[in-house]
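Structural overview for review
Listed here are the chains, written in short residue letters.
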Amino acid sequence: MAMSQIPSPAPQFMTVAEVAEMTRVSRMTVYRMVHAGDLPAVRVGNSYRVPTEAVDELLSKTAYQGEEHRA
């Protein structure tokens, strides 16, 4: 009997402007992070798309680092 496979959800992406707004930095800062390799992104035509998961990870790391400085 074959098991039915549940399709994995398609990865979600954000534009550079959406990432900038969510992280409260400029679009140029997001571009710098992408070009430096600090934030993964895929190029679609002339623009970049950043995986939502990468933004969530960046925000969680940033929040954690902020707590270290308060201690």
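In what follows, the accompanying structure is described. Source: prediction; values computed, not measured.

The three strands are arranged E1-E3-E2 in an open sheet whose pairing can be described as antiparallel. What marks the edges here is a single partner per strand, and that holds for strand E1 (13-15) and strand E2 (42-44). Sheet twist, expressed as the average angle between the axes of neighbouring strands with direction ignored, equals 40°. Relative to strand E3 (residues 47-51), E1 runs antiparallel, the two sharing three bridges. Its bridge partner being in E3, Met14 is matched across the sheet by Val50.

As a further point, take the environment of Val55. Following the sequence through the fold, Val55 ends up in helix H3 (residues 52-70). Between the alpha carbons of Val55 and Met22 there is a distance of 8.7 Å; along the sequence they are 33 residues apart. Sequence-distant contacts of Val55, that is, excluding residues within four places in its chain, are made with Met14, Val19, Met22, Thr23 and Val50.

Here the focus is the side chain of Thr23. Tracing the backbone shows Thr23 in helix H1 (residues 16-23). By relative accessible area, which is 18% here, Thr23 ends up buried. Sequence-distant contacts of Thr23, defined by excluding residues within four places in its chain, comprise Val55, Leu58 and Leu59.

Reading the values: the criteria
Residues numbered from 1 in each chain as written. Predicted model: local features only at pLDDT ≥ 70, side-chain atom pairs only at ≥ 80, totals over all residues. Heavy atoms only, no water. Pairing = 2+ DSSP bridges. Helix = DSSP H or I, 4+ residues; strand = E, 2+ residues; numbered from the N terminus. Axes fitted to C-alpha atoms, helices over the stretch in contact; angles between N-to-C directions. Contact = heavy atoms within 4.5 Å. Buried < 20%, exposed > 50% of the residue type's maximum accessible area, 1.4 Å probe, protein only.

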